[in-house]
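What follows is each chain in one-letter form.
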Amino acid sequence: MGLGEHAKTKLEHLTEVPGYVPFPTTVAYRGHEVRAMIKPGMIPDDSEVSEGYRIAKSVQESQLVGVRSSREFEPEGLQLQAPRSVVYVAFGSEAKLTSAQQQAIALGLEASGVPFLWAHRAPADSDTGDVTGGLPEGFEERVNGQVLVCRGWVPQVRFLAHGSVGGFLTHAGLNSITEGLARGVRLVLLPLLFDQGLNARHLVEKKIAIEVAREEEDGSFTAEDVAAALRRVMLEDEGEEIGAKVQELAKVLGSDEVNDQCVRDFLRCLSECSRPQQR
């Protein structure tokens, strides 16, 4: 469709291996193959759009695209994202970030160089509720390939459980903390209100999370504060130590057997408390 950093705007672009492929390969079109598919695939027909555009538009508007393949057949192509390399970003539903805070977070994510997936919500000071508000101008174009911004509801637990996700930039709400630790994900904390500050201090004290540095007086933070915290957790030795501790915690917090036993014990306690007291 001619969009994005890797848009194919010349015939020869299709005869070269894309720069984002990180392994040696000769898989690319030959010149005669490209020329042969121009008319049937790229030139608009009577409908005024080309077959290629129609296919690309269908993919763009889809929520899910299925590809028939297998890891055994083409492992290189299906493992382009390194394990535990992506940061999932979400700040819950109770408190909303301001536009200024979202700007700092966006620029910090960009500066960190870490790939990330952001469950984005409209800022608190957006009069229209426009979910595109709060992001710096040109942000999504600049980070194309590094970022995926999701608007609306997202399956947070499934995202955190994905093998590519290794970090979680969160507001330090207890549910989010538990979901992250249960899946062995390193935490970067940016508390906003209620008990979140106490939760953050507790996790930092236990050396299983990093908190974004902020001004003591007004709680403000910069893009570099966000980027520095992300680098510490995802790229530096400190993050490796945190990751090892979190993986150990995940064996307990993420264990169905342990959690089921806790529920059974709780139900037994309720049952015992409901019995008439003997005099």
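Procedures and definitions
Residues numbered from 1 in each chain as written. Predicted model: local features only at pLDDT ≥ 70, side-chain atom pairs only at ≥ 80, totals over all residues. Heavy atoms only, no water. UniProt positions renumbered as here; feature names shortened; annotations may be inferred. Helix = DSSP H or I, 4+ residues; strand = E, 2+ residues; numbered from the N terminus. Buried < 20%, exposed > 50% of the residue type's maximum accessible area, 1.4 Å probe, protein only. Phe/Tyr/Trp six-rings, centres within 6.5 Å; stacked < 30°, edge-to-face > 60°. Polar contact = N/O pair within 3.5 Å; in protein donor to acceptor, adjacent residues only side chain to side chain. Contact = heavy atoms within 4.5 Å. Pairing = 2+ DSSP bridges. Axes fitted to C-alpha atoms, helices over the stretch in contact; angles between N-to-C directions.

The name an unreviewed UniProt entry gives the chain is Putative UDP-rhamnose:rhamnosyltransferase 1, with Dichanthelium oligosanthes as the organism. As stated in UniProt under Sequence similarities (unreviewed entry), the record for the chain gives "Belongs to the UDP-glycosyltransferase family."

Participant: Just give me the short version of unusual backbone geometry, but keep the residues and values in it.
Facilitator: Within the chain, Ala-172 stands out as a residue other than glycine whose phi angle is a positive 70°. Mapping Ala-172 onto the fold places it in the loop between strand 4 (165-170) and helix 7 (174-182). Accessibility expressed as a relative area gives 0% for Ala-172, which makes it buried.

Participant: Can you explain the packing of aromatic side chains? Please cite residues and give values.
Facilitator: One pass over the full model with this rule turns up four aromatic pairs. Measuring from ring centre to ring centre gives 6.5 Å for Trp-118 and Phe-139, while their planes differ by 85°; the resulting arrangement is edge-to-face. On the criterion of sequence distance, the pair formed by Trp-118 in strand 2 (residues 116-120) and Phe-139 in helix 5 (residues 139-142) is long-range, its members being 21 residues apart. Taken as a pair, Trp-118 and Phe-139 share a single burial class, namely buried. Ring-pair connections join several aromatic residues into one group, and the members of that group are Tyr-88, Phe-159 and Phe-168.

Participant: Could you give an account of the side chain of Ser-85, naming the residues involved and the relevant values?
Facilitator: Note on placement: Ser-85 falls in the loop between helix 3 (75-78) and strand 1 (86-90). According to the relative accessible area criterion, Ser-85 is buried, its value standing at 17%. Within polar-contact distance, the side chain of Ser-85 engages the side chain of Gln-81 at 3.0 Å. Apart from residues lying up to four places away in sequence, Ser-85 is in contact with Val-114, Pro-115, Ser-164, Gly-166 and Met-234.

Participant: Give me the sheet that holds strand 1: which residues, what numbers.
Facilitator: One open sheet holds the six strands; their spatial order is 3-2-1-4-5-6, and the pairing between them is parallel. The open sheet has two edge strands, strand 3 (147-151) and strand 6 (209-211), and neither has a second partner. Direction aside, neighbouring strands of the sheet carry axes that sit 20° apart on average. One ladder, built from three bridges, connects strand 1 with strand 2; its direction is parallel. Residue pairing for strand 2: Val-87 is matched across the bridge by Phe-116. Of the strands in this sheet, strand 1, strand 2 and strand 4 touch helix 4 (residues 99-112), which is tilted by about 165° from strand 2. Set on the sheet, helix 10 (residues 237-253) makes contact with strand 5 (186-189) and strand 6; between it and strand 5 the angle comes to about 115°.

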